[in-house]
Every structure is written in structure tokens, then in C-alpha cells.
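Structural overview
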Amino acid sequence: MRIKVMIRGNRQTYPPMNTVFKLSSLACVALAISGCAKLDQPDNLEEVSVGAAYQAQYREPDVSRREVEFLRSSAINARKCAAPRGGLVGKTSGLAAAALRGERLTRNDLVDVRIGDDETFNGNYVVSRDGTINLPFLAPIRAQGRLTSEIERDIAAQLIAGDFFAERPRISVRVADFASVTVGVSGAVFEPRAVEIGGVPGDQVDGRRQEALGASTEARNLSAALRAAGGVRPDADISAVAVRRASKRYILDMRGVFEGQNAVDIMLLTGDEISVPSRGCFQEDLMRPSPISPPGVSLFLSNLTVPAAGNAVSAIGRDVREVPYGTRYLQAVIDTNCVGGARATSANRSSVLFSRNPVTKVSVVIERDIEDLLRRADRDDYDPFLLPGDAIACYDSTVTNISEIGRVLGQLGL
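Residues numbered from 1 in each chain as written. Predicted model: local features only at pLDDT ≥ 70, side-chain atom pairs only at ≥ 80, totals over all residues. Heavy atoms only, no water.

Okay, the overall build of the protein chain next. A count of helical and extended segments in the protein chain gives 12 helices and 18 strands. For the protein chain, buried positions account for 40% of its 414 residues. Restricting the contact set of the protein chain to residue pairs at least 6 apart, pairs at least 24 apart contribute 66%. With the model as given, the accessible surface of the protein chain reaches about 22,500 Å², and the carbon-plus-sulfur share is 52%. (Helix = DSSP H or I, 4+ residues; strand = E, 2+ residues; numbered from the N terminus. Buried < 20%, exposed > 50% of the residue type's maximum accessible area, 1.4 Å probe, protein only. Contact = heavy atoms within 4.5 Å. Areas by Shrake-Rupley, 256 points an atom, 1.4 Å probe, with all protein chains shown as cover.)

Below, the structure is given as C-alpha cells:
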């Protein structure tokens, strides 16, 4: 069947419709093949190319492999750093640590009180909601934020003042069980929020420890609160971590955590507020495991040759999605099975990294040619560290893309 149309009095004949469809399909295929090799680079609001993003490693390679420069990312990152506040604090941090040192009581802690041979006052007491311990016949004794030795002195003073004893009796106040505490964590951490730390789940309680006196827990320490809030970010100024307790503010220098020295790690109380300032720059030396670093990095990954119901065939399981803190982009790409394969057909792949600046909350998308990154001598300049919540997607080689187009044409009968 042929179609005849009159245009301005002229008769014109068109080819069959199925031929038109084939020609238009082939034209689309030609356009698709021409675009297979390289798509436009993703656009970003931050000036990624000049190292103005959160990491200078997000930069695109601006020199050829033959003209590689000495690694510059670390220096570019450092240029944005404000001076650490710890250098201005001086001895203040040491004085603050001393003032907060020791196992101090807070609400809901369980203490064992024993007074000489008098059973009147002996027993277990819970620090009440108002932060006091209430012994029979005595006025409430302030316990919130205080050491057991300080409570012993107050009990002795009340016993003598009340004529219960003529001279100070033997007094023992010991912690039987530390309660969990709720503290606020803000600033340069990945998940600023109120966190509950301390306490032991019921199925993990050791009966002998529960019955023993002199309880101690590391789960109520400052480091535990920082980990519970996602860990400190790479831009954190850990030389000046602020702890506000009641009406006082203390500045603590926690650089010893990363320097292999005895770190300041105080016990926290319910109601404490922790604030971690930012230096405004990415510090590579903080990108490693530590007591105050994130426990790991959870990633969102995709490695599918064609759209599928899941990632199982690409071997993307839990061990791949959860990587140690400090893992770099290229390591994760290899872990996702995006690297390797037949050199002539599937080796030349690309991948895309989606991340977010934790300071400005602005997203950034980085695309890398995997084989080019593998072979560059200056790869460390363009191999970003992965942050919690980053996403990586792998794309197939040009040959694989063309073969997929061929499969579609076969389905269309072209």
C-alpha cells in the first residue's frame, strides 16, 4: 500500500509505513551508538574542578596521564582549614578534663550504701529524678555529677549533725549499676542528635558482675556519644570539643585519639551537651578508624548490566555495602565487581559517585572512567574517600552498550 498526498497541487508518493518505522529506528540507533562512548559530565553547584567541593579529590583530572603533577589534593584541602582551636585553649583543656575526671553519678544510677555496723542506713539506693539520694531520716543528698567520695563526706556530716553518731563512722558508697544517659551531640558529627548511651541489654547481663560492687562502664564515655552520633566528620576540630554541664562549659582536646596518646574521655551525665566545632576543611588524617570515628560506611550500590529485579547477580550483598571507614572510591568500585572483565569488550567501564557535602548539605555527582583512574600515576588525587550514605553506580563499556542495542533491534525485528 502506498500513500498519496497532494501538497500545493503536486502529487508526492511516500514509502510504506513499516519502512518509515525501520528508517526512524535505525536513525535512533545511530544516535544512541554515537552517544554510547561518553555522556556529558554531571553538573554540580560546587566548583568541583578547582577543588572547592568538600574533598579536593572530587576534582576531574585536568592533566593528561603524561603530564601528571605531584599530588595536590591534600594541599588544596588544607588551604581551607581554620586554625585548630585547641592551640588557643592551652592549659584550659587539661583543667577541664581534671574537673570532669572520675566516675560521676547521674539520675537512675544504683548505689550501695553501707554505714559501719548500723543496718538502719544500709541498702541499695537509686539516684532520683532530681539528682539526689534519699536515705532514711536524712535530708536528700545531692548526687548528680558528683563522685562517691563526695557523697560519703555528706552522709558523714549529716549523721554527726543529727546525733546519730558522735564521731564519723565507716561509710562506703559504691556504684552497683550505671544507668544509661541521654545527651545531646551537635556540630561536626555525621548524625547530630540526642543519643542514649550506656546500660547493658538484658540478654547481655553478667549475673556475677550485676551482683558485684564497684561497677564501671565505658559505654557512658564521651567517645561513645560521638560514635552514637555517627562519629566525627573529616572537618571536625577535635582539639576543642565542648561539653556543657549544667551552667558550665568545658573544652576538651581529643587529638590524642588519632595520635596514639592517652585521650581525654570523660564519663557523661544525663543532660550533658556536646558540641564539635568545624575547621571548615577536609582532613585526610581523620579518615581512619578510631574510638570517635564512624563505625563504618554504609553505601548504596548498583551494578547491573541490564535492568533487573535485584543486585544479587552482581554480588552486591551486605559485606559489599558496608565497608570500613577510610575506604576510597576505587576500592568500593572493585568491591562491587565493576572492574576487570574481558579487555576488548567489558573492561572499559565507568562509574558515578553520588555524595553530599555534610557542611552545606549540597549534593555532588562525580563520574570516573575506571580504567583511566586505574592507570593514572596520580590516581590518589582523584580517588575520593567514601562518606556514610554515598552511592555508587557502574555503567557498562561501549561494546556492551552496542551489543545491548543489537539485542533490542533483534526484538524489534529490524
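With 5 bridges joining them, strand 8 (residues 181-187) and strand 9 (residues 193-197) adopt antiparallel strand pairing. Bridge pairing links Val181 to Ile197 in strand 9. Counting the residues in the hairpin turn of strand 8 and strand 9 gives 5 residues. (Pairing = 2+ DSSP bridges.)

Glancing now at the sheet that holds strand 14 (residues 300-302). Taken in spatial order, the 4 strands of this open sheet run 14-18-16-17, and their pairing is mixed. Only two strands of the sheet have a single partner each, and these edge strands are strand 14 and strand 17 (363-369). Each strand axis lies, on average, 15° off the axis of its neighbour in the sheet, ignoring direction. (Axes fitted to C-alpha atoms, helices over the stretch in contact; angles between N-to-C directions.)

On to the state of the cysteines, then. Counted according to the given criterion, the structure contains 2 disulfides. What pairs with Cys81 in a disulfide is Cys281, and their sulfur atoms sit 1.7 Å apart. Residues Cys81 and Cys281 share a disulfide whose torsion about the S-S bond is about 85°; that sign makes it right-handed. A residue pair is termed long-range when its members are at least 10 positions apart, and Cys81 in the loop between helix 2 (73-79) and helix 3 (86-89) and Cys281 in the loop between strand 12 (273-276) and strand 13 (297-298) qualify at 200 residues. (Disulfide = S-S within 2.5 Å.)

For the rest of this paragraph, the subject is unusual backbone geometry. Trans is the prevailing form of peptide bonds, just as negative phi is the prevailing case for residues other than glycine. Positive phi, close to 80°, is recorded for Asn108, a residue that is not glycine. Position of Asn108 relative to the elements: it lies in the loop between helix 4 (92-100) and strand 3 (110-115). In this structure, Asp163 takes a positive phi of about 60° despite not being glycine. Take Asp163: it is sitting in the loop between helix 5 (148-161) and strand 7 (171-177). The class for Asp163 is exposed, based on a relative accessible area of 67%.

Turning to the sheet that holds strand 3, a few remarks are in order. Either a parallel or an antiparallel arrangement is found when strands of a sheet pair, and the pairing is made through backbone hydrogen bonds. Spatially, 3 strands are ordered 4-3-7 in an open sheet, and the strand pairing comes out antiparallel. The open sheet is flanked by strand 4 (118-126) and strand 7, the only strands paired with a single partner. Pairs of neighbouring strands in the sheet enclose a mean axial angle of 15°, with direction left out of account. Relative to the sheet, helix 5 contacts strand 3, strand 4 and strand 7, its axis offset from that of strand 7 by approximately 135°.

So, about the pairing of strand 12. Of the two faces of strand 12, the one lined by Ile274 and Val276 is fully buried and the one lined by Glu273 and Ser275 carries no buried residue. Bridge analysis of strand 8 against strand 12 gives 4 bridges, and the strand direction is parallel. Looking at the pairing, Gly184 lines up with Glu273 of strand 12. Pairing between strand 10 (residues 241-245) and strand 12: 3 bridges, direction antiparallel. For Ala242, the partnering residue across the bridge sits in strand 12 and is Ser275.

It is worth spelling out helix 5 at this point. Note: α-helices contain 3.6 residues per turn, so residues at a spacing of three or four share the same orientation. Over its 14 residues, helix 5 extends 20 Å from the first C-alpha to the last, a length consistent with the 20 Å expected when each residue adds 1.5 Å. Looking only at helix 5, the buried set comprises Thr148, Ile151, Glu152, Ile155, Ala156 and Leu159. For helix 5, the buried positions fall inside an angular range of 140° around the axis, keeping them on one side. Considering only its buried residues, helix 5 is in contact with strand 3, strand 4, strand 5 (132-133), strand 6 (141-142) and strand 7. (Expected span 1.5 Å × (residues − 1). Arc of directions from axis to C-beta.)

Glancing now at the nonpolar core. One finds Val185, Leu222, Leu226 and Ile274 to be the most contacted residues of the largest nonpolar core, which totals 32 residues. Residue assignment for this core shows that the elements contributing at least two residues are helix 4, strand 8, strand 9, helix 7 (222-228), strand 10, strand 11 (248-252), helix 8 (256-259) and strand 12. By residue number, the principal contributor to this core is helix 7, which donates 4 residues. Formed by 29 residues, the second largest nonpolar core is a distinct cluster that contains Val48, Met287, Val333 and Leu387. (Core = buried A, V, L, I, M, F, W, Y, C linked by side-chain atoms within 4.5 Å.)

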